[in-house]
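The primary structure of each chain is shown beneath.
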Amino acid sequence: MSEQHSADIVVIGSGIVGSLAARRLALQGASVLILEAGPRLDRGRVVAAFRNSPIKGNWMGAYPPSPWAPHPIYVPKDNGYLKQAGPYPYPAEYIRAVGGTTWHWAAMAWRLVPNDVRIKSLYGVGVDWPMSYEELDPWYQEAEELIGVAGAPDTGSPRSQPFPMEPVAEPWSMRRFRERLAPTYAVVANTVARNSRSYGGRPACVGNNSCQPICPVNAQYLGINAVEAAEVAGAKVVPNAVVYRIEHDAKGRIAAVHYYDPDKGTHRVTGKTFILAANGIESPKLLLLSASDKYPNGLANSSDMVGRHLMDHPSTSITFYADEELWLGRGPQSPSSINTLRDGAFRSQHAPYRLDFTNISQVLSVTQDLIKEGVYGAEFDKQLRWRAAHQVSVKNVLEVLPDPDNRITLSSEKDAMGIPKPEAHYSIGDYTRRAAEVSKADFARIAELMGGTGLRYSAEGNFANNQHITGTMSMGNDPKSSVVDGFGRTHDHENLFICSTGVMPTAATMNSTLTAIALALRTAEHILPQQAAAYTAASNAEREASLS
């Protein structure tokens with residue numbers, strides 16, 4: 001084993017959530033070490049890789065997995081990293097690299113609506129959160145100001161302070177949706193971590209249509225921006241550090257973590273406080289991997305809840321031809337949505353949902369359709385121009401309730417480092433499926449108002465996955481039914497905290513990143529004062545031992 005590293009705070013995972021927590025702790029004077037399984041990426045090479053790729057629809061193509069830190073890949077074929085136990089497939093995508101998955105995201109930065117944290121009390125479904133929306137509001141604000149969020153005031157989520165920025169410029173297509181759907185539906189600008197003006201040393205959005213897989217001008221806040229901010233604050237980042245075990249002492253406190261380098265050399269890192277900040281798949285995997293005689297079911301798992309309550313946001317959709325030219329493809333890929341169906345008494349019967357409009361250029365998908373149809377020559381050119389100008393798509397973003405049978409476990413199959421792969425057990429329940437049926441009436445009405453023809457609904461029973469990995473390490477007040485408390489501290493280990501979308505008890509209808517950042521900032525603020533007494537006690541014990 002090589003020379004040890006040590007720090008006051010050891011953070012496992014360098015994504016946007018863990019890095020912003022690390023930044024806050026470093027600014028308070030703690031020594032902070034961030035361990036990342038994957039490599040450090042060069043932004044210019046990522047942009048070039050996408051520009052030069054012949055398969056523009058493969059958004060993961062610019063982020064190939066490293067042999068020592070694999071992540072799921074499905075194009076051109078499934079690499080088999082995330083094993084599927086069914087009964088419904090869960091093809092989650094994420095990136096193991098310095099900066100994490102928000103290298104590649106749509107930058108959606110939604111807040112919850114207040115009733116999202118009280119659905120058990122109000123509607124008799126799911127669970128309540130161990131905090132109120134009002135408690136989250138200042139942490140949402142801090143998160144929005146850190147990453148630079150642009151938004152409209154009419155999102156349905158109350159706020160005590162204004163957004164840092166006004167909305168990004170509205171594309172023509174979204175303007176027409178807004179005008180033609182009113183007053184039946186209110187179409188609003190999406191809340192995004194994307195600059196509408198110069199902010200945080202980064203430029204304003206200039207309308208590129210490649211937010212996923214990469215914003216070429218750095219107008220969109222990425223996880224690597226959070227990493228760099230943490231480093232400026234004093235945190236140290238160790239890339240290619242594949243943590244495979246968390247070590248505890250006789251009293252159950254975390255004493256160290258062990259990682260492999262790419263050559264499978266072993267390293268041990270000690271600390272006073274540890275933050276697990278990988279995503280909702282890799283974090284429970286590591287806790288389960290760290291089973292011991294004292295904790296045979298894995299760390300933080302006395303409740304048997306680690307890995308359980310896996311949630312995401314399934315979607316169904318409609319595609320049709322509007323009766324006017326809209327030419328999707330100028331500006332952000334997902335600029336506007338309908339938010340009025342996120343809450344209501346109906347939640348006792350079926351899931352709430354958002355309705356989200358795509359602005360992705362239709363040229364590629366139309367070309368592929370025409371080739372399949374056998375259209376060629378002059379007719380191909382004519383059809384391509386007409387369809388690309390008129391084709392539009394709307395999807396729902398559906399809530400999934402926490403279900404203990406939806407979970408991440410360890411596979412019997414191992415990766416190249418000899419570490420068990422994660423395995424997903426997943427299904428989509430009736431609560432969510434009923435909402436998908438209800439939303440078909442909204443799809444039909446939207447198409448009608450847009451003069452839609454050639455209506456094509458997604459296949460019955462088929463749901464697209466939105467890659468909003470939520471749950472698996474849920475927070476709650478009861479140690480028997482949750483993994484962490486309301487401040488992210490594990491019930492079983494007083495110096496192990498979790499900062500991740502995985503701590504969210506419910507998924508609601510919005511992308512999970514902003515809420516996870518807000519929770520992580522709240523956790524970071526809680527850590528140092530709470531741990532100071534423990535540090536003092538440890539120092540006193542060492543001094544007394546030296547005098548005896």
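As a reminder, the structure under discussion sits directly above these lines.
Computed from a predicted structure; not experimentally measured.

(A) Region of interest: the overall build of the chain. Secondary structure summary: the chain contains 11 helices and 18 strands in total. Radius of gyration (C-alpha) of the chain: 23 Å, near the 24 Å computed for a compact globule of 548 residues. Expressed as lengths along the three principal axes of its C-alpha atoms, the size of the chain is roughly 90 × 50 × 45 Å. Buried residues in the chain amount to 58% of all 548 residues. Put simply, of all contacts in the chain between residues at least 6 apart along the chain, 73% involve residues at least 24 apart. A total of about 21,100 Å² of accessible surface is found on the chain, and carbon and sulfur atoms cover 53% of it. Looking at the chain, you have 52 positive and 55 negative side-chain charges, and the mean spots of the two groups are 3 Å apart.

(B) Fine view of the environment of Gln 362. Considering the arrangement of structural elements, one finds Gln 362 in the loop between β12 (353–357) and α8 (363–373). Ignoring sequence-local partners within four residues, the contact set of Gln 362 consists of Leu 328, Ala 388 and Gln 391.

(C) Spatial organisation of the sheet that holds β12. Reading across from one edge, β4-β11-β12-β13-β10-β16 is the order of the 6 strands in this open sheet, with antiparallel pairing throughout. Edge positions in the sheet fall to β4 (187–189) and β16 (453–457), since each has one partner strand and no second. For this sheet the average axis-to-axis angle between neighbouring strands, irrespective of direction, equals 25°. Pairing of strand β10 (residues 317–321) with β16 involves 3 bridges; the strand directions are antiparallel. Considered in β16, the bridge of Tyr 321 is made with Thr 453. Where helix α9 (residues 377–390) meets the sheet, its contacts fall on β10 and β13 (391–398), and the angle it forms with β13 comes to roughly 40°. Helix-sheet contacts for helix α10 (residues 430–449) involve β10, β11 (336–338), β12, β13 and β16, and the interaxial angle to β13 is about 150°.

(D) Representation of the nonpolar core in the model. Counting residues in hydrophobic clusters, the biggest one holds 104 residues, and the most contacted among them are Val 32, Leu 35 and Leu 287. Looking at this core element by element, the count peaks at 10 residues for helix α11 (residues 513–547). Those residues within four positions of Leu 35 in sequence are excluded, and the remaining contacts are Val 10, Val 11, Ile 12, Gly 13, Ser 14, Val 238, Ala 241, Val 243, Val 257, Tyr 259 and Val 269.

(E) Geometry of the packing of helix α1 (residues 16–27) against helix α6 (residues 223–233). Closest axis-to-axis distance for the α1/α6 pair is 8 Å, and the angle between their directions is 15°. Compared by their axis directions, α1 and α6 come out roughly parallel. Crossing hand, α1 versus α6: left-handed. In contact with Ile 16, Ser 19, Leu 20, Ala 22, Arg 23, Ala 26 and Leu 27 of α1, α6 contributes Gly 223, Ala 226, Val 227, Ala 229, Ala 230 and Ala 233. Tallied by class, the residues present in the contact of α1 with α6 amount to 10 nonpolar, 2 polar and 1 charged.

(F) View of the pattern of salt bridges. The full count for this structure, using the stated rule, is 30 salt bridges. For the salt bridge of Asp 381 with Arg 385, the shortest nitrogen-to-oxygen distance reads 3.3 Å. One end of the pair is Asp 381 and the other is Arg 385, both in helix α9 and 4 residues apart, which spans about a single turn. Taking relative accessible area as the criterion, Asp 381 reaches 37% and is therefore assigned partly exposed.

(G) Structural context of helix α5 (residues 172–181). Within the sequence span of α5, burial applies to Ser 173, Met 174, Arg 176, Phe 177 and Leu 181. Taken end-on, α5 shows its buried residues confined to a sector of 160°, consistent with a single buried face.

(H) Broad picture of the packing of aromatic side chains. In the structure shown here, the tally under the stated rule is 7 aromatic pairs. A ring pair is formed by Tyr 90 and Tyr 426, whose centres lie 4.6 Å apart and whose planes are at 45°; its orientation type is tilted. With a gap of 336 residues between them, Tyr 90 in the loop between β3 (83–87) and α3 (119–123) and Tyr 426 in strand β15 (residues 420–426) connect regions that are remote in the sequence. Like Tyr 90, the residue Tyr 426 is buried in the burial classification.

(I) Region of interest: unusual backbone geometry. With an omega of 0°, the peptide bond running from Ala 182 to Pro 183 counts as cis. Residue position: Pro 183 is located in the loop between α5 and β4. Of the consecutive residues Gln 212 and Pro 213, the connecting peptide bond is found in the cis state with omega at 20°. Relative to the assigned elements, Pro 213 resides in the loop between β4 and α6.

(J) Region of interest: the sheet that holds β3. In spatial order, the strands read β3-β15-β14; together these 3 strands make up an open sheet with mixed pairing. Only two strands of the sheet have a single partner each, and these edge strands are β3 and β14 (407–414). Shown here is a sheet whose adjacent strand axes are inclined to one another by a mean of 30°, direction ignored. By the bridge criterion, 5 bridges tie β14 to β15 in an arrangement that is antiparallel. For Arg 407, the partnering residue across the bridge sits in β15 and is His 425. The sheet strands contacting helix α7 (residues 282–289) are β14 and β15, and the helix crosses β14 at an angle near 65°.

(K) Geometry of the packing of α1 against helix α4 (residues 133–147). In the contact formed by α1 and α4, the axes pass within 12 Å of each other and the chain directions differ by 100°. When the axes of α1 and α4 are compared, the pair comes out roughly perpendicular. Counting all contacts with α1, which are made through Ile 16, Leu 20, Arg 23 and Arg 24, the residues of α4 involved are Trp 139, Glu 142, Leu 146 and Ile 147. Of the residues assigned to the contact of α1 with α4, the class counts are 5 nonpolar, no polar and 3 charged.

(L) Spotlight on the environment of Val 206. Positionally, Val 206 belongs in the loop between β4 and α6. Since its relative accessible area comes to 49%, Val 206 is described here as partly exposed. Sequence spacing of Val 206 and Ser 337 is 131 residues, and the spatial spacing of their C-alpha atoms is 21 Å.

(M) How the structure looks around the state of the cysteines. Tallied over the entire structure, the rule returns 0 disulfides. Cysteine Cys 211 shares no disulfide, and the gap to the nearest cysteine sulfur, in Cys 205, comes to 6.3 Å.

The rules behind the values
Residues numbered from 1 in each chain as written. Predicted model: local features only at pLDDT ≥ 70, side-chain atom pairs only at ≥ 80, totals over all residues. Heavy atoms only, no water. Helix = DSSP H or I, 4+ residues; strand = E, 2+ residues; numbered from the N terminus. Rg over C-alpha atoms; globule rule 2.2 N^0.38 Å. Buried < 20%, exposed > 50% of the residue type's maximum accessible area, 1.4 Å probe, protein only. Contact = heavy atoms within 4.5 Å. Areas by Shrake-Rupley, 256 points an atom, 1.4 Å probe, with all protein chains shown as cover. Lys, Arg positive; Asp, Glu negative; His and termini not counted. Charge placed at Lys NZ, Arg CZ, Asp CG, Glu CD. Pairing = 2+ DSSP bridges. Axes fitted to C-alpha atoms, helices over the stretch in contact; angles between N-to-C directions. Core = buried A, V, L, I, M, F, W, Y, C linked by side-chain atoms within 4.5 Å. Parallel < 35°, antiparallel > 145°, perpendicular 65-115°, else oblique. Left-handed = near helix turned anticlockwise from the far one by under 90°. Nonpolar A, V, L, I, M, F, W, Y, C, P; charged D, E, K, R; others polar. Salt bridge = Lys/Arg side-chain N within 4 Å of Asp/Glu carboxyl O. Arc of directions from axis to C-beta. Phe/Tyr/Trp six-rings, centres within 6.5 Å; stacked < 30°, edge-to-face > 60°. Disulfide = S-S within 2.5 Å.

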